[in-house]
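Coordinates in review
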Amino acid sequence: MSAKIIDGKKISEELRRKIAETVKNRADNKRAPGLAVIIVGDNPASRIYVNNKKKACESCGFNSFEYALPEDATEKELLRLIERLNKDENTDGILCQLPLPSHIDENKVIDAICPEKDVDGFSPVNTGNLLAGKPCFAPCTPAGVVEMLKHEGIEISGKHCVIVGRSNIVGKPAALLMLQENATVTVCHSRTKNLPEEVRRADIIIAAIGKAGFITADMVKEGAVVVDVGINRLENGKITGDVDFEAVKEKASYITPVPGGVGPMTITMLMKNTLRAWER
Ligand code: NDP
């Protein structure tokens, strides 16, 4: 039997409608949530992401403030801007679109955003709180994955979750979030021995590799839940995930498509984090 396809776009719309309602019903004297979006240079992919985030802000009734710095902006200039936004009363969340030009130290920039406004959840304080299981802003992509699973009523507790990928923005935080949901977690990476065997043991697979079609049907246990985080552009311009979708959907019980799966959820979790920063 073919898997149920989890519609990330639809779940996102539902969540954004709820967020917009909360904002609309705010007290008369309270301003709308404000998200500052910083972009440095003119990377076309970054521009698309920033535009999508601004559109999401509009759909939720948020104010979005764009700060576009030229490619040759200095690290000092960027840090000064962040310092100003940290203190700005109309800004609840600060997001600095990555990657940054190579002359700017990304870690320094992430560290400069105050944890209360770090709605991307990348700062050391939020990362530490996530590790300790304390309240924090969790990184948006893995948070979106968990939200999707819960929305579908998929049991996580006691399940064996295999994550392929160990990046700081997806794989590692996904492992922590799934642990918090009481899954038994295995994290695979490029040095993992017998990776197909590891993945075959999974009840839930989270693929965050960045290689088109990497997870093939022979790696998937019958009835497994398959979440595809990957975004890969093929030579023909088409966007595809890390999972061989057509073959795997015949074996999985649930599967997320690319596009229309984890992608929209990521931006929605950014809206959710910004709403929380505003409520605080
Ligand atoms: P990274 O490149 O930072 O990490 C990729 C991970 O995959 C690494 O841990 C790497 O292992 C592992 N890996 C690479 N090749 C292999 C292999 N042959 N076998 C096993 N493991 C391998 O990527 P990100 O985590 O940033 O992103 C992953 C994918 O998710 C990308 O396609 C990206 O575009 C997408 N993405 C999607 C988002 C969304 O909103 N949907 C948001 C963020 C990312 P090692 O550590 O050993 O090198």
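Residues numbered from 1 in each chain as written. Predicted model: local features only at pLDDT ≥ 70, side-chain atom pairs only at ≥ 80, totals over all residues. Heavy atoms only, no water.

**A few points about the nonpolar core**
Where we set the bar: Residue types Ala, Val, Leu, Ile, Met, Phe, Trp, Tyr and Cys, when buried and joined through side-chain atoms within 4.5 Å, form a set referred to as a nonpolar core. The rule is simple: take the accessible area with a 1.4 Å probe, protein chains only, and divide by the maximum for that residue type; under 20% is buried, over 50% is exposed, in between is partly exposed. Numbering goes from the N terminus for both helices and strands, where a helix is a DSSP run of H or I of at least four residues and a strand is a run of E of at least two. The contact definition used throughout considers only heavy atoms, calling two residues in contact when any of these lie within 4.5 Å.
Among the nonpolar cores identified, the biggest contains 51 residues, and Leu35, Phe62, Leu149, Met178, Ile204, Ile206 and Met271 are the most heavily contacted of them. Looking at which element gives the most residues to this core, the answer is helix H10 (residues 262-279), with nine residues. Excluding its chain neighbours within four sequence positions, the residues that come into contact with Leu149 are Ile154, Ile156, Met178, Ile204, Val225 and Val227.

**With respect to the site of the ligand**
Keep this limit in mind: Any residue with a heavy atom lying within 4 Å of a molecule or strand is counted as near it. Contacts described as polar in this section are N or O atom pairs within 3.5 Å, which, within protein, must combine one atom able to donate a hydrogen with one able to accept it, while residues neighboring in sequence count only if both atoms come from side chains. Here the accessible surface of atoms and residues is derived via Shrake-Rupley with a 1.4 Å probe, and residues count as covered only by protein chains that are part of the display. Whether a set of points on the 1 Å grid over the protein atoms alone is a cavity depends on a 1.4 Å probe fitting there but being unable to get out, while an open set qualifies as a pocket with protein on both sides within 12 Å along at least five of seven lines; lining residues are those with an atom within 4 Å of a point. Pocket occupancy is defined atom-wise: a molecule lies in a cavity or pocket when more than half of its atoms are within 2 Å of its grid points. Polarity classes work like this: nonpolar for Ala, Val, Leu, Ile, Met, Phe, Trp, Tyr, Cys and Pro, charged for Asp, Glu, Lys and Arg, and polar for all others, with Gly in that last group.
Neighbouring the ligand are 21 residues; Arg166, Ser167, Ser190, Lys211 and Thr266 lie closest to it. For the ligand, an oxygen atom lies 3.0 Å from a polar atom in the backbone of Ile231. Protein chains bury 70% of the 930 Å² of accessible surface belonging to the ligand in isolation. Judged by the fraction of its atoms near the pocket grid, the ligand is located in the largest pocket. Here the shell around the ligand takes three residues from H10, the largest share from any one element. Grouping the amino acids of the shell around the ligand by side-chain chemistry returns nine nonpolar, ten polar and two charged.

**Here's the deal with the packing of helix H1 (residues 8-24) against H10**
This is how it is decided: Lines fitted to the C-alpha atoms define the axes, with helices restricted to the stretch that makes contact. Angles between their N-to-C directions range from 0 to 180 degrees. The scheme is simple: roughly parallel for angles under 35 degrees, roughly antiparallel for over 145, roughly perpendicular for 65 to 115, oblique for anything else. Should the near helix be turned anticlockwise from the far one by less than a right angle, the crossing is left-handed, and should it be turned clockwise, the crossing is right-handed.
As a packed pair, H1 and H10 sit with axes 9 Å apart at the nearest point and diverge in direction by 20°. The angle between H1 and H10 falls in the class roughly parallel. Helix-helix and strand crossings are classified by hand; for H1 and H10 the assignment is left-handed. On H10, the residues touching Gly8, Lys9, Ile11, Ser12, Leu15, Arg16, Ile19, Thr22 and Val23 of H1 are Pro264, Met265, Ile267, Thr268, Met271, Lys272, Leu275, Trp278 and Glu279. Of the residues contributing to the contact of H1 with H10, the split by class is ten nonpolar, four polar and four charged.

**With respect to empty space enclosed by the protein**
Note the threshold: Grid points are joined across faces, edges and corners, and a volume is the space filled by probe spheres set on the points.
For the structure shown, the criterion picks out one cavity of 30 Å³ or more. Looking at the largest cavity, the residues that line it are Ile94, Leu95, Cys96, Leu98, Val109, Ile110, Ile113, Asp118, Asp120 and Phe122. Mapped by element, the contributors of at least two residues to the lining of the largest cavity are strand S4 (93-96) and helix H4 (106-112). The greatest single-element share of the lining of the largest cavity, amounting to three residues, is contributed by S4. When the residues that make up the lining of the largest cavity are grouped by side-chain class, the tally is eight nonpolar, no polar and two charged.

**Comments concerning helix H3 (residues 75-87)**
The test is simple: In this analysis, the expected span of each helix is defined as 1.5 Å times one less than the number of residues it contains.
For H3, with 13 residues, the first-to-last C-alpha span of 19 Å sits near the 18 Å given by 1.5 Å per residue. Structurally, H3 contributes buried residues whose contacts are with strand S2 (34-40), strand S3 (63-69), S4 and H4.

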